[in-house]
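Survey of secondary and tertiary structure
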Amino acid sequence: MMAPFRRKKSNKEFPVKVCTYDSELEFHLEHRATGGFLFDLICRTIGLRETWYFGLRYVDKKGYKSWLKMDKKVLDQHINLSNPEGCVFMFMAKFFPENVQEELVQEVTQHMFFLQIKEAILSMEVYCPPEASVLLASYAVQAKYGDYDEAVCKPGMLISENLLPQRVIDQYQMTPQMWEERIKTWYADHRGMSRDEAEMEYLKIAQDLDMFGVNYFPITNKKNTEVYVGVTALGLNIYTKENKLTPMTTFPWNEIRNISFDGKKFFVKTNEEKGNSVATTFYSEKARTNKELLDLCVGNHELYMKRRKPDTMEIQQMKTQAKEEKHRRHIERNKLAREKQLREEAEQERANMEKRLMQLQEDMAAANEMLRRSEEAAELLAEKNRVAEEEALLLSHKALEVEQEISRMRLTARKTEEEKNYLERKTQEAELLTARMIEESRKRAMEADKLKNELIHARVAEKEAKEKLLNFLSRTSTESIFITPSSSPETPALGESNTYDLLADGDMDQLSLEIEKERVEYLTKSKQVQNQLKELRSEIEQLKIGESSPLDTISAQQMRLGETKYSTLKKLKSGSTKARVAFFEEFQCSSFPEEG
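Notes on the structure follow. (Residues numbered from 1 in each chain as written. Predicted model: local features only at pLDDT ≥ 70, side-chain atom pairs only at ≥ 80, totals over all residues. Heavy atoms only, no water.)

So, the pattern of salt bridges
Throughout the structure, instances matching the rule amount to 27 salt bridges. Notably, a salt bridge pairs Asp295 with Lys94, separated by 2.5 Å at the nearest N-O pair. Of this pair, Asp295 sits in helix H8 (residues 287–307) while Lys94 sits in the loop between strand E5 (87–93) and helix H2 (100–103), and the two are 201 residues apart along the sequence. Where Asp311 meets Lys319, a salt bridge forms, and the shortest distance between an N and an O atom there is 2.8 Å. For Asp311, a relative accessible area of 31% corresponds to the partly exposed category. When salt bridges with common partners are traced through the structure, they connect Glu107, Arg195, Asp196, Glu199, Glu325, Arg328, Arg329 and Glu332 into a single cluster. (Salt bridge = Lys/Arg side-chain N within 4 Å of Asp/Glu carboxyl O. Helix = DSSP H or I, 4+ residues; strand = E, 2+ residues; numbered from the N terminus. Buried < 20%, exposed > 50% of the residue type's maximum accessible area, 1.4 Å probe, protein only.)

Thoughts on helix H6 (residues 176–187)
For H6, built from 12 residues, the straight-helix expectation of 16 Å at 1.5 Å per residue is met to within 8% by its first-to-last C-alpha distance of 16 Å. Listed in full, the buried residues belonging to H6 are Trp179, Glu180, Arg182, Ile183, Lys184, Trp186 and Tyr187. (Expected span 1.5 Å × (residues − 1).)

Things to note about the sheet that holds strand E1 (residues 13–19)
Within the open sheet, the five strands sit side by side as E2-E1-E5-E3-E4. Their pairing is mixed. Looking at the sheet topology across the chains shown, the edges are occupied by strand E2 (24–30) and strand E4 (65–67). For this sheet, the mean angle separating the axes of adjacent strands, direction not counted, is 35°. Sheet topology places strand E3 (residues 54–59) next to E4; three bridges connect them, and they run antiparallel. Of the residues in E4, the one forming a bridge with Tyr58 is Ser66. Contacts between helix H1 (residues 35–46) and the sheet are confined to E1, E2, E3 and E5, with E2 contributing the most and set at about 140° to the helix. (Pairing = 2+ DSSP bridges. Axes fitted to C-alpha atoms, helices over the stretch in contact; angles between N-to-C directions. Contact = heavy atoms within 4.5 Å.)

Quick word on a negative patch on the surface
On the surface, Glu344, Glu345, Glu347 and Glu349 cluster together to form a negatively charged patch. With respect to the helices and strands, the residue Glu349 is situated in helix H9 (residues 313–412). (Patch = residues over 30% accessible without salt bridge, like charges linked within 9 Å, V, L, I, M, F, W, Y side chains within 5 Å. Areas by Shrake-Rupley, 256 points an atom, 1.4 Å probe, with all protein chains shown as cover. Lys, Arg positive; Asp, Glu negative; His and termini not counted. Charge placed at Lys NZ, Arg CZ, Asp CG, Glu CD.)

Observations regarding the packing of helix H3 (residues 107–122) against helix H7 (residues 195–206)
Here H3 crosses H7 at 50°, and the two axes come no closer than 9 Å. Judged by the angle between their axes, H3 and H7 are oblique. Here H3 runs over H7; the crossing is left-handed. Taken together, the residues of H7 that come into contact with H3 (itself represented by Glu107, Gln110, His111, Phe113, Phe114, Ile117, Lys118 and Ile121) are Arg195, Asp196, Glu199, Met200, Tyr202, Leu203 and Ala206. Its residues assigned to classes, the contact of H3 with H7 comprises eight nonpolar, two polar and five charged. (Parallel < 35°, antiparallel > 145°, perpendicular 65-115°, else oblique. Left-handed = near helix turned anticlockwise from the far one by under 90°. Nonpolar A, V, L, I, M, F, W, Y, C, P; charged D, E, K, R; others polar.)

Next up, the structure:
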């Protein structure tokens, strides 16, 4: 993605490259440009309005990662200009919401958080249990490829994708094909889910992870014990060096009165029940760590207070526009689904008509073949009849000649007795021969009559076959076969313009009811997801190899005890602030219980 404008490079300008998790932006800024000017320019370029969550991360001249200050000039913040590509910044989330579904309004904001959280999970910066990582991978695939299609999603397609943390892959004796099959099983259940819905489901699951939205800083207490302070959207958490999942104590923002630092010392003053304040002191290795820590504390506290106030006009407008856009996309998806259904029905009808046409063509070919065979049989019978008639005529001529010969022999028989006897013998022989020839002539005549009858029957059959063929051809010619795509009154005519009215007040009430209904459905779905995660966990547990990592062990122990991220924070808040401060200041690793 490029910037909407790019000024002509001059001696008073310097190049700037801004990287997001899916694109790069290039600008040329004047030497007097501030960090706020660059940040606003980026937000306008990508169309981002929820700017309070994000910032610009860069590596300074000393190699430290820092956040760009908005009120100072870019070149006054120890920017590394030795890079031939110019100044390189990373546009990323600096602060995190308490509830992603309720607070993240814009789709581009959701997409930015989705990309950053996915990268943090895959790079193992954020711990994710194996079964949850498989579920998150299925939502990531749905967001990238859309609905599951068995013809498109062939075996091996997802193996090349970076979908699971390497820690999870190394922990189990499973092939890439086995992981792919388990991801596909959940991927197929997400049919009908759009990209923004899949990304939101991903974020809703990820926000329940213990390390979601926590910025860790190494510190020590008065006992010089090394611990971590985690800055979150709800307050400050204190973690042991070995356990970044379960905080040993926490300081909510509503109990903190003042935050400051002096050199390497960081002070947190908290309120006590009687109005007194209790001071807690942290010790950092570098003063710049305290600067970044204070900056994150101030920003998170401001957002914490902002969430507990009525929405501003800008946020109300953004939420209204988001609801209208969501409603419009819902209508478009329903329309596309209806058009897809009509197209499938038309294709099915076309296939049926083509099948019927092929059947009719096959019937016509069979009828033509029967007619051809009938004609050949009739021609053969006619030939046989002609031969039989010729043979009968020839035999009749021979019989006539024999009779004439007998008459001549009888006339000459009177001459002598010997001649008479001789003639009588000849006559007897001739009579016998004549009788045989007459019998043969009679048989030939009978055979000729039989062949004649068969010829008559064959011609009658041929006539009937021709009549059937003519009736078949006349019937098929009267039927008109047209294959046209089915139309629907819901499909707009060519040239019409699709217009969508904005929501009225009644529609807003209806949307509110729908949102409440979606919350109830989400709770039900969450229980189903937990059951699915439990089944997958028990299934892959048998394939586990080697020892678990420390974070895996802590996560499994929390699961056995039925503890979650929110129940732990609630239990820690139940004690008094003074007791939590005293516990933190006197804390030593050797005396800290294993469960935290």
